[in-house]
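Fold and geometry: a report
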Number of protein chains: 2
Amino acid sequence: MTIRLSGLRRGIAGAAFLLAASIPAFAADAPLPSWNATPTRDAIIAYVTRITTPGSPQFVDPGARLAVFDNDGTLWSEQPLYVQLFYVIDRVKELAPLHPEWQTQEPFASVLKGDIKGALSGGYDALMALSAATQSGMTTTAYIDGVENWIATAKNPVKDRRFLDMTYQPMLELLAYLRANEFKVFIVSGGGMDFMRAFTEPAYGVEPENVVGSTGALKFQIVDGDPVIMKEPAVTFVDDGPGKPVGIETHIGRKPIFAFGNSDGDIQMLQYTCVDPSVTFCALVHHTDGVREFAYDRNSSMGRLDKGLDAAAANGWTLVDMAKDWSVVYPPAK
Amino acid sequence: MTIRLSGLRRGIAGAAFLLAASIPAFAADAPLPSWNATPTRDAIIAYVTRITTPGSPQFVDPGARLAVFDNDGTLWSEQPLYVQLFYVIDRVKELAPLHPEWQTQEPFASVLKGDIKGALSGGYDALMALSAATQSGMTTTAYIDGVENWIATAKNPVKDRRFLDMTYQPMLELLAYLRANEFKVFIVSGGGMDFMRAFTEPAYGVEPENVVGSTGALKFQIVDGDPVIMKEPAVTFVDDGPGKPVGIETHIGRKPIFAFGNSDGDIQMLQYTCVDPSVTFCALVHHTDGVREFAYDRNSSMGRLDKGLDAAAANGWTLVDMAKDWSVVYPPAK
């Protein structure tokens, strides 16, 4: 019972095997050790010091210290594809024997031929068809168990490294630094909410209830005496762009004071958070490191950062230059 | 800045004036002082002791100690009408000068004549019309500020007592007892999520992000340079009956181990929570006290407890007999 509580799940160390990217500890007088001594690190530390120093005109009560983080491209790598897309692709391949019609039916046929670009050329409808076929029709428990099992070993094909080992060490340190300063940390991401909940606690120390994401319809049922929640095909909320402030209002119900993203889909979240720059902090990760990670911005199909670069300049948001600001990108692989 | 952070809201002691029903403190060796020494109190204490005693076969890790509470009729009174209905009625009266057509248009005309029963005879459609007219078309901030102002003084007409002074003292003690035992407490209620968030922190110590309720459509907009969330008329989620487990899965993402309700709308929440009775606890408040509170169950139009009484007996859920189990109902009025 100290390990897994029958009939319950999540947060009960049920995902203990995942404890890969362990949350870093650091000396209170030397935070952010994997950040170089640049103006970016200085800006983060100056902000946190300002709003946590009692008597400071910008002091913020601990109860109001809420921080929101995008996930893909902000806390872990999102190239060459979002991790959840790799999951969907692997599930299509796994389920293909049960669906002989997929051999000729798009977008499944392209996926099975390994032509991901062709599959995604069908746009939103193709994506929804792939998602519905692989991420609905089961209980939420079965779905999350499946993601948990998959992600324990799944690797990024370009880096030949587990996705779980491609979280960003400097961002893990930032999460720890904020928590040490009594911040409550939330993830607010366009990714599937239950997909993320399969790994955010072991990967980032973020409990399931502090994960905000895109959602599909759910239905309560009692199946053979067992009360379960079924995942249905309909998408009910897209937590991206203007959806992010709505997701924050719905799930958190008050404004954060600290927001971190990396793409155009994060612009509205930052606009919503950083109205008063004296007590708020907004930043974007700029993917400038083609050697250690991936270099992309205005023309990328995953995590495009185009209008966001201009918005950062116009609004005074901090831009993290990955190549210059981070001495380490990934934690040591386990 | 220690009181109200410009541009932010909630939880920043913004509702400090509400600190009416202060969260009770008690000696660790004498919990639940307003509960009589009945089998009900014994069952609660025996359960909490069992799952928090290290080495107990039913020990539950602190991270998995999640408790969910219905609000109306479970944490405060819901007779003769749900508090939110009183709010809607008062708003209709307040807005009536701007809507001369309401004098003849139902359900508004009945409300303005003081015939609430007549207004509600229009069923779901009438309720939605009243709600849309009074609870959409403004920013979430303006809406919550309005509820906050209203509830600071609004009174229950039967008891001539502020709604805020009609929380249940024994339940406040139970919340405190659970928190002292490292439970995380959530409200899961059919009430409007943002309506509840206007008072749950001062009234119960439950932060906005731990409140799950019914929701309407929201839209992000930038109005005169100010990023806001507008409340739209459409209802997007009803957190009642089979909606409660769905609300729990969506907002919390894992199963609670402790659930407390008082009506048929709570049955599915309790079914979902109490699969394994050795490590879970489920209870319903039975409104048996017509002198100190209100006496009602199988035939009430607010908070009907009919099937729930049978489900409690069939499933072994604890039934709180308000008249016998509670030595005090309301906290001392402020």
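See above for the structure.
Residues numbered from 1 in each chain as written. Chains lettered and ligands numbered in written order. Predicted model: local features only at pLDDT ≥ 70, side-chain atom pairs only at ≥ 80, totals over all residues. Heavy atoms only, no water.

Thoughts on the overall build of chain A
Note the threshold: By definition, any uninterrupted DSSP run of H or I lasting at least four residues is a helix, any uninterrupted run of E lasting at least two residues is a strand, and each is numbered from the N terminus. We compute the radius of gyration over the C-alpha atoms and compare it with the globule rule, which gives 2.2 Å times the number of residues raised to the power 0.38. With a 1.4 Å probe rolled over the protein chains alone, any residue whose accessible area is under 20% of its type maximum counts as buried; one over 50% counts as exposed, and the rest are partly exposed. The contact definition used throughout considers only heavy atoms, calling two residues in contact when any of these lie within 4.5 Å. Residue burial considers only the protein chains on display, and all accessible areas are found by Shrake-Rupley using a 1.4 Å probe.
Broken down by element type, chain A carries 13 helices and nine strands. At 20 Å, chain A has a C-alpha radius of gyration in line with the 20 Å of a compact globule built from 334 residues. Scored against the burial criterion, the 334 residues of chain A give a buried share of 59%. Taking the contacts inside chain A whose residues are at least 6 apart along the sequence as the reference set, 68% of them involve residues at least 24 apart. For chain A, the computed accessible surface area is about 12600 Å², with 55% contributed by carbon and sulfur atoms.

What to know about the sheet that holds strand E5 (residues 211-223) of chain A
What counts is decided by this rule: Pairing between strands requires that DSSP locate at least two bridges from one strand to the other. Only C-alpha atoms enter the line fits that serve as axes; for helices the fit covers just the stretch in contact. Angles between N-to-C directions range over 0 to 180 degrees.
Judged by pairing direction, the sheet is mixed, and its seven strands sit side by side in the order E6-E5-E4-E1-E7-E8-E9 (chain A) without closing on themselves. Edge strands, defined here as strands with exactly one partner in the open sheet, are strand E6 (226-237) and strand E9 (318-321) of chain A. Each adjacent strand pair in this sheet contributes to an overall mean axis angle of 35°, direction not counted. Alignment of E5 of chain A against E6 of chain A, held across eight bridges, turns out to be antiparallel. The residue bridging lysine 219 of chain A from the neighbouring strand is methionine 230 of chain A, located in E6 of chain A. Sheet contacts for helix H1 (residues 39-52) of chain A: strand E7 (258-261), strand E8 (281-286) and E9 of chain A; angle to E9 of chain A, the most-contacted strand, approximately 135°. Packed on one face of the sheet, helix H10 (residues 243-251) of chain B meets E5 and E6 of chain A and runs near 150° to E5 of chain A.

A short note on the packing of helix H1 (residues 39-52) of chain B against helix H7 (residues 169-180) of chain B
Residue and element names in this part refer to chain B. Put simply, the rule is: Throughout, the term roughly parallel applies to angles under 35 degrees, roughly antiparallel to angles over 145, roughly perpendicular to angles from 65 to 115, and oblique to all others. Crossings are sorted by hand: turned counterclockwise from the far helix by less than a right angle, the near helix makes the crossing left-handed, and turned clockwise it makes it right-handed. When residues are grouped by polarity, Ala, Val, Leu, Ile, Met, Phe, Trp, Tyr, Cys and Pro land in nonpolar, Asp, Glu, Lys and Arg in charged, and all others, Gly among them, in polar.
Packing of H1 against H7 leaves a shortest axis separation of 11 Å and a crossing angle of 15°. One way to sum up the angle between H1 and H7 is to call them roughly parallel. For the crossing formed where H1 meets H7, the hand is right-handed. Taken together, the residues of H7 that come into contact with H1 (itself represented by Ile44, Ile45, Val48 and Thr49) are Leu174, Tyr177 and Leu178. Of the residues in the contact of H1 with H7, the class split is six nonpolar, one polar and no charged.

What to know about the pattern of salt bridges
How we decide: Here, a salt bridge means any side-chain nitrogen of Lys or Arg that lies within 4 Å of a carboxyl oxygen of Asp or Glu.
Within the structure shown, the criterion is met by 22 salt bridges over all chains. The residue arginine 162 of chain A makes a salt bridge to aspartate 165 of chain A at a minimum N-O spacing of 3.2 Å. You can call arginine 162 of chain A buried: its relative accessible area is 17%. Judged by relative accessible area, which is 5%, aspartate 165 of chain A ranks as buried. Taking the shortest distance from any N to any O, the salt bridge between glutamate 209 of chain A and arginine 254 of chain B comes out at 2.8 Å. Highlighted residues: glutamate 209 of chain A in the loop between helix H9 (200-204) and E5 and arginine 254 of chain B in the loop between H10 and strand E7 (258-261), drawn from two different chains. There is no split in this pair, since glutamate 209 of chain A and arginine 254 of chain B are both buried.

Focus on the interface of chain B and chain A
Where we set the bar: As a working definition, buried area equals the accessible area (1.4 Å probe) given up by two parts on being put together, with both sides summed.
With 53 residues of chain B at the contact, the number on the chain A side is 53 residues. Both sides together, the interface formed by chain B and chain A hides about 4200 Å², and carbon and sulfur atoms give 60% of it. When the buried surface of chain B facing chain A is broken down by residue, Glu209, Phe220 and Arg254 of chain B rank first, second and third, together holding 15% of it. Counting across the chain B and chain A interface gives four salt bridges.

Things to note about the packing of aromatic side chains
Think of a pair of aromatic rings as described by two things: how far the centres are apart, and how the planes are tilted against each other in angle. Definition in use: Ring pairs shown here join Phe, Tyr and Trp side chains whose ring centres sit within 6.5 Å, with only the six-membered ring taken for Trp; geometry is labelled stacked below 30 degrees between planes, edge-to-face above 60, and tilted in between. The rule for a charge over a ring is simple: NZ of Lys or CZ of Arg within 6 Å of the ring centre, and within 35 degrees of the ring normal.
Enumeration according to the criterion identifies 38 aromatic pairs over all chains in this entry. On the basis of an interplanar angle of 25° and a centroid distance of 4.7 Å, the ring pair of tryptophan 76 of chain A and phenylalanine 199 of chain A is categorised as stacked. Residue tryptophan 76 of chain A is located in the loop between strand E1 (66-69) and helix H2 (83-95), and its partner phenylalanine 199 of chain A is located in the loop between helix H8 (193-197) and H9; the two are separated by 123 residues in the primary sequence. Tryptophan 76 of chain A sits in the buried class, given a relative accessible area of 1%. Geometrically, the ring pair formed by tyrosine 168 of chain B and tryptophan 326 of chain B is tilted, given 5.2 Å between the ring centres and 50° between the ring planes. Placement of tyrosine 168 of chain B in the loop between strand E3 (161-162) and H7 and of tryptophan 326 of chain B in the segment after helix H13 (322-325) is noted, with a sequence separation of 158 residues between them. Each member of the pair, tyrosine 168 of chain B together with tryptophan 326 of chain B, is buried. Grouped by ring-pair contacts, the aromatic residues Trp76, Phe86, Tyr87, Tyr143, Trp150, Phe163, Phe195 and Phe199 of chain A constitute a single cluster. The ring of tyrosine 143 of chain A has lysine 231 of chain A lying over it, and the distance from NZ or CZ to the ring centre is 4.3 Å. Above the face of the tyrosine 272 of chain A ring, lysine 255 of chain A is positioned so that its terminal group lies 4.6 Å from the ring centre.

A look at the relation of the copies chain B and chain A
Each copy of the chain is related to the other by a rotation around an axis and a translation along that axis. Note the following rule: Fitting of the copies onto one another was done by least squares over C-alpha atoms, counting residues only where both copies have pLDDT of at least 70.
Superposing chain B onto chain A takes a rotation of 180° plus a shift of 0.0 Å along the axis, which leaves an RMSD of 0.0 Å. Expressed as a symmetry operation, the mapping of one chain copy onto the other fits a two-fold axis. When each C-alpha of chain B is compared by its distance to the rotation axis, histidine 251 of chain B comes out closest, at 3.3 Å. Taken together, the interface assignments show that 100% of the residues at the interface of chain B recur at the interface of chain A, consistent with an identical surface on both copies.

A look at the packing of H2 of chain A against helix H5 (residues 123-135) of chain A
Residue and element names in this part refer to chain A. Between H2 and H5, the shortest axis-to-axis distance is 9 Å and the interhelical angle comes to 65°. H5 is crossed by H2, and the crossing has left-handed handedness. Residue-level contacts link Gln84, Leu85, Tyr87, Val88, Arg91, Val92 and Leu95 of H2 to Leu127, Leu130, Ala133, Thr134 and Gln135 of H5. Looking at side-chain class alone, the contact of H2 with H5 contains eight nonpolar, three polar and one charged residues.

A closer look at the pairing of E7 of chain A
Residues and elements named next belong to chain A. Side chains of E7 alternate between two faces, with Phe258 and Phe260 and Ala259 and Gly261 buried alike. In this structure, E1 lies alongside E7, joined through three bridges in parallel fashion. Of the residues in E7, the one forming a bridge with phenylalanine 69 is phenylalanine 260. In this structure, E7 lies alongside E8, joined through four bridges in parallel fashion.

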